[in-house]
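# Coordinates in review
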Number of protein chains: 4
Amino acid sequence: MGKGRLEAFSDGVIAILITIMVLELKIPHGDTIAALAPLLPVFLTYVVSFVYLGIYWNNHHHMLAAVSRVSGAVLWANLHLLFWLSLIPFSTAWMSEHRFPPIPTAVYGIVLLADAIAYLILQTALLRAEGDDSSLRAAIGSDAKGKISALLYCLGIGLAFVNRWLGLAVYVAVALIWLVPDRRVERHLTTGSAKPIEQARRE
Amino acid sequence: MGKGRLEAFSDGVIAILITIMVLELKIPHGDTIAALAPLLPVFLTYVVSFVYLGIYWNNHHHMLAAVSRVSGAVLWANLHLLFWLSLIPFSTAWMSEHRFPPIPTAVYGIVLLADAIAYLILQTALLRAEGDDSSLRAAIGSDAKGKISALLYCLGIGLAFVNRWLGLAVYVAVALIWLVPDRRVERHLTTGSAKPIEQARRE
Amino acid sequence: MGKGRLEAFSDGVIAILITIMVLELKIPHGDTIAALAPLLPVFLTYVVSFVYLGIYWNNHHHMLAAVSRVSGAVLWANLHLLFWLSLIPFSTAWMSEHRFPPIPTAVYGIVLLADAIAYLILQTALLRAEGDDSSLRAAIGSDAKGKISALLYCLGIGLAFVNRWLGLAVYVAVALIWLVPDRRVERHLTTGSAKPIEQARRE
Amino acid sequence: MGKGRLEAFSDGVIAILITIMVLELKIPHGDTIAALAPLLPVFLTYVVSFVYLGIYWNNHHHMLAAVSRVSGAVLWANLHLLFWLSLIPFSTAWMSEHRFPPIPTAVYGIVLLADAIAYLILQTALLRAEGDDSSLRAAIGSDAKGKISALLYCLGIGLAFVNRWLGLAVYVAVALIWLVPDRRVERHLTTGSAKPIEQARRE
């Protein structure tokens, strides 16, 4: 079974999710700069969620590029990932409309954590289909980044109850880890396995 | 005539239908866990309808993979299927917003039944184009699952007037039949023809 | 320049337009059959507009299948067609929400006419790029159906001011001409050139 | 890494953005020609923004056609472009709903300028991946049009505070430069390098 349609369907869903979020930027009633001000938290969380969906699309792209064929289990693992990604616009809107109170901020982190776990499940399903000496296996390496991200989401969810800005800061930090990789840090953390990850990311 | 565009167009429509439903999760006015509670029935029916659309996308994917070319009749049978699938978000929202009263719950079942019939029509159009000794013919077998599903939808529609939860339980059960196939049951029900179905599903 | 992206982009836009219309089916406040009744005109016009967009997708599919490459002029002619198609959901909603008064019913016909003209322009741009002895030229023939449709839209627009149901009947009739082709009529109207049209439609 | 998915994902996002804007055409309460009148500014800005998104899709199409492979940096530069394009519907709606006051009209220009800069960044990322003696390098030439557009956006933003219609006129003029290229002007402005641009555009 070819992977073309799985990629096309995932592209479609992620493209719609990204653009659904922009609908939350409600047209201001006034026509001044001041009228834009209340939109700022909505806009900034839009940026963060856009980057998150961009990271998932990017990683999905790389992971599937290293794969030659997909199984029935992979199709469902992929739909499962898309399900949790589909909750990002809702949790983004809930969090930003109320100016980041603890519960919605924690729920946002829980959705991010569920996305990360769903991605891990998809990765596992793909690895099972591809085998241990596949190029996907080599490209993923020890997946230190994925594991650290999951831990950081848990930290962020907890911190949301202590101080909302600390919780948010952790979520932004995880996005930055994926967006702006410091190669030295990465090399320290994952030693030898860092190279294949980097390689797959750059290709 | 190639099947690429038919697949791409169907992927696009199903991707949009899946994401339209998430718009029904209206942002709560409060910022507490209690504020999320009224969303629960909407969320749970979202899960069921997401799974249904996922099943249709999955089966559509498998069926088209076994096909080499499409005819004009197939194009229209496919649009006909997409039309009935497009009513899933509406009937899901009507049913869940009113907490599953008999009429909307029965209408939801009628839409599911119409989807199943439309899928059967598409399957028949494809079989006519492919011929009786095609790999599609072998993959479909006796289509016991499809026939049982149609019967169960009718049962669910009737039960919706007796007890809403029984009606819903039947709809969920049909989704589970497609999602978690018990191979022994399937083998009993369809004897020899079960193998090709399974084969097509696993490939 | 390949035609793949032009097809994919058009598929995306038409898929979204078809599913946007379903959002006009507003969830009824009641949970009875009676609560569904006011939706009937909206539902029926949804069916008509769905069929129209389906016809355009279908014909676009066939026309592009007969083409090997596209020019810059073709790209813009295609965007021009998509622009007029994008007005179908708006004019459908305006007409059906007010129960088919003369002006909105005429405007619906004007949008259908503009779609037909835009399609003709795209066809002309493709023919110019392909040349007169191309398979596209043969497939299109005298385009009697296209010309008759344009005349019928004008008739429908005029009739909308006399009797709304007559205007609507003409729009539905044009859709049926494309949906259920009476081969004898077609053969009479276009004599020799009917065959290539039919051929292209059937392939 | 192939460019297919990047193209498909961009097609999806731009297709959705184009159709989101049509949702701003709110159904009039009346059913007369007079009821349509207040929609005119919304409709005309829809046309302008549709043309702008069409230009970006068109140029994106041409630029990617001249490219053989994409890098990780290109993926992010492309997402960055899509982010700024995603703000076109919002800024279009804000500007047209308030009948073109200075601030929203200037913000519209700023979004157009950001789009132009994001496009330039993507172009630079692609050139770095392709090298200086690539066909992309030749096709882009001196990019006089891109540079002049950026300057004109700045002019339009400034003029929005003097007279809203002058600001808008500049935005429309830039769209026309891309839509209806006067070849003689272009040749004068860019001398030798005009040819490759034209060539790439026509192919």
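This write-up is about the structure you can find in this document. Since we're looking at a predicted model, the values are computed, not measured.

### Comments concerning helix H1 (residues 4–22) of chain D
Every α-helix winds through 3.6 residues per turn, so residues three or four apart in the chain are directed the same way. Compared with an ideal rise of 1.5 Å per residue, which puts 19 residues at 27 Å, H1 of chain D spans 28 Å between its outermost C-alpha atoms and is within 8% of the ideal. Judged by how many residues are buried, H1 of chain D sits mostly within the fold: 16 of 19 residues are covered.

### A short note on the environment of Ala-116 of chain C
Residues and elements named next belong to chain C. Positionally, Ala-116 belongs in helix H6 (residues 102–130). Sequence separation between Ala-116 and Ile-140 is 24 residues; the distance between their C-alpha atoms is 15 Å. Filtering out sequence-adjacent residues up to four positions away, Ala-116 remains in contact with Tyr-56 and Tyr-153.

### Observations regarding the interface of chain C and chain D
With 30 residues of chain C at the contact, the number on the chain D side is 38 residues. Area buried by chain C at its contact with chain D is led by Arg-5, Phe-9 and Trp-76 of chain C, which between them contribute 28% of it. Connecting chain C to chain D are two salt bridges. Residues Asp-11 of chain D and Arg-5 of chain C are paired through a salt bridge, measuring 2.8 Å at the closest nitrogen-oxygen approach. Joining chain C to chain D, the criterion identifies six residue pairs in polar contact (both at pLDDT 80 or more). The set of elements that each furnish at least two residues to the side of chain C that touches chain D consists of helix H1 (4–22), helix H4 (72–85), helix H5 (88–97) and H6 of chain C. Considering every element that reaches the side of chain C that touches chain D, the biggest residue donor is H1 of chain C, with nine residues.

### As for the interface of chain A and chain B
Between chain A and chain B, the residue contacts involve 30 residues of the former and 38 residues of the latter. With both sides pooled, the region where chain A packs onto chain B buries about 2,900 Å², and carbon together with sulfur makes up 76% of that total. Per-residue buried area on chain A facing chain B is highest for Arg-5, Phe-9 and Trp-76 of chain A; these three make up 28% of the total on that side. Run the count over chain A and chain B and you get seven residue pairs in polar contact (both at pLDDT 80 or more). Mapped onto the side of chain A that touches chain B, the elements with two or more residues apiece are helix H1 (4–22), helix H4 (72–85), helix H5 (88–97) and helix H6 (102–130) of chain A. Take the side of chain A that touches chain B: its biggest share by element is nine residues, from H1 of chain A. Of the residues assigned to the side of chain A that touches chain B, the class counts are 22 nonpolar, six polar and two charged.

### Some points on the packing of helix H8 (residues 144–162) of chain D against helix H9 (residues 164–179) of chain D
All names here are of chain D. The interhelical angle for the contact between H8 and H9, taken along N-to-C directions, is 165°, at an axis separation of 6 Å. Between H8 and H9, the interaxial angle falls into the category roughly antiparallel. You can see that H8 and H9 cross each other, and the crossing is left-handed. Contact with H8, carried on its side by Lys-145, Gly-146, Ser-149, Leu-152, Tyr-153, Leu-155, Gly-156, Ile-157, Leu-159, Ala-160 and Val-162, involves Arg-164, Leu-166, Gly-167, Val-170, Tyr-171, Val-174, Ile-177 and Trp-178 of H9 and no other residues of that element. Considering only residue class, the contact of H8 with H9 consists of 13 nonpolar, four polar and two charged.

### Some words on the packing of aromatic side chains
Tallying each qualifying case throughout the model produces 44 aromatic pairs over all chains. Chaining the aromatic ring pairs together yields one cluster made of Phe-43, Tyr-46 and Phe-50 of chain A together with Phe-83 and Trp-84 of chain D.

### Some words on the relation of the copies chain C and chain D
Expressed as a screw operation, the relation of chain C to chain D combines 0.0 Å of axial shift with a rotation of 90°, fitting to an RMSD of 0.0 Å. The superposition operator between the copies reduces to a four-fold rotation axis. Relative to the rotation axis, the C-alpha of Gly-12 of chain C is the closest in chain C, positioned 4.3 Å from it. Interface residue correspondence from chain C to chain D reaches only 3%, placing this contact among heterologous pairings that use different surfaces.

### A look at H4 of chain C
Residue and element names in this part refer to chain C. The terminal C-alpha atoms of H4, which comprises 14 residues, lie 20 Å apart, in line with the 20 Å expected from a rise of 1.5 Å per residue. Within H4, ten of the 14 residues are buried, which leaves the element mostly enclosed by the surrounding structure. By the burial criterion, the buried members of H4 are Gly-72, Val-74, Leu-75, Ala-77, Asn-78, Leu-79, Leu-81, Leu-82, Phe-83 and Leu-85.

### Digging into the relation of the copies chain A and chain B
Superposition record for chain A on chain B: RMSD 0.0 Å, screw rotation 90°, translation along axis 0.0 Å. Little of the interface of chain A is mirrored in chain B, where only 3% of its interface residues again form contacts.

### Overview of the layout of surface pockets
By volume, the second largest pocket is sized at about 690 Å³. Lining the second largest pocket are 32 residues, and of these Ala-8 of chain A, Ala-8 of chain B, Ala-8 of chain C together with Ala-8 and Asp-11 of chain D sit closest to its centre. Secondary-structure elements contributing two or more residues to the lining of the second largest pocket are H1 of chain A, helix H1 (4–22) of chain B, H1 of chain C together with H1 of chain D. It is H1 of chain B that provides the largest number of residues to the lining of the second largest pocket, a total of nine residues. Tallied by class, the residues present in the lining of the second largest pocket amount to twelve nonpolar, eight polar and twelve charged.

Basis of the calculations
Residues numbered from 1 in each chain as written. Chains lettered and ligands numbered in written order. Predicted model: local features only at pLDDT ≥ 70, side-chain atom pairs only at ≥ 80, totals over all residues. Heavy atoms only, no water. Helix = DSSP H or I, 4+ residues; strand = E, 2+ residues; numbered from the N terminus. Expected span 1.5 Å × (residues − 1). Buried < 20%, exposed > 50% of the residue type's maximum accessible area, 1.4 Å probe, protein only. Contact = heavy atoms within 4.5 Å. Buried area = accessible area lost by both parts, 1.4 Å probe. Salt bridge = Lys/Arg side-chain N within 4 Å of Asp/Glu carboxyl O. Polar contact = N/O pair within 3.5 Å; in protein donor to acceptor, adjacent residues only side chain to side chain. Nonpolar A, V, L, I, M, F, W, Y, C, P; charged D, E, K, R; others polar. Axes fitted to C-alpha atoms, helices over the stretch in contact; angles between N-to-C directions. Parallel < 35°, antiparallel > 145°, perpendicular 65-115°, else oblique. Left-handed = near helix turned anticlockwise from the far one by under 90°. Phe/Tyr/Trp six-rings, centres within 6.5 Å; stacked < 30°, edge-to-face > 60°. Least-squares fit on C-alpha atoms with pLDDT ≥ 70 in both. 1 Å grid on protein atoms, 1.4 Å probe; cavity = no way out; pocket = protein on both sides within 12 Å on 5 of 7 lines; lining within 4 Å. Points joined across faces, edges and corners; volume = space filled by probe spheres on them.

As far as function goes, none of this settles anything; it's purely spatial.
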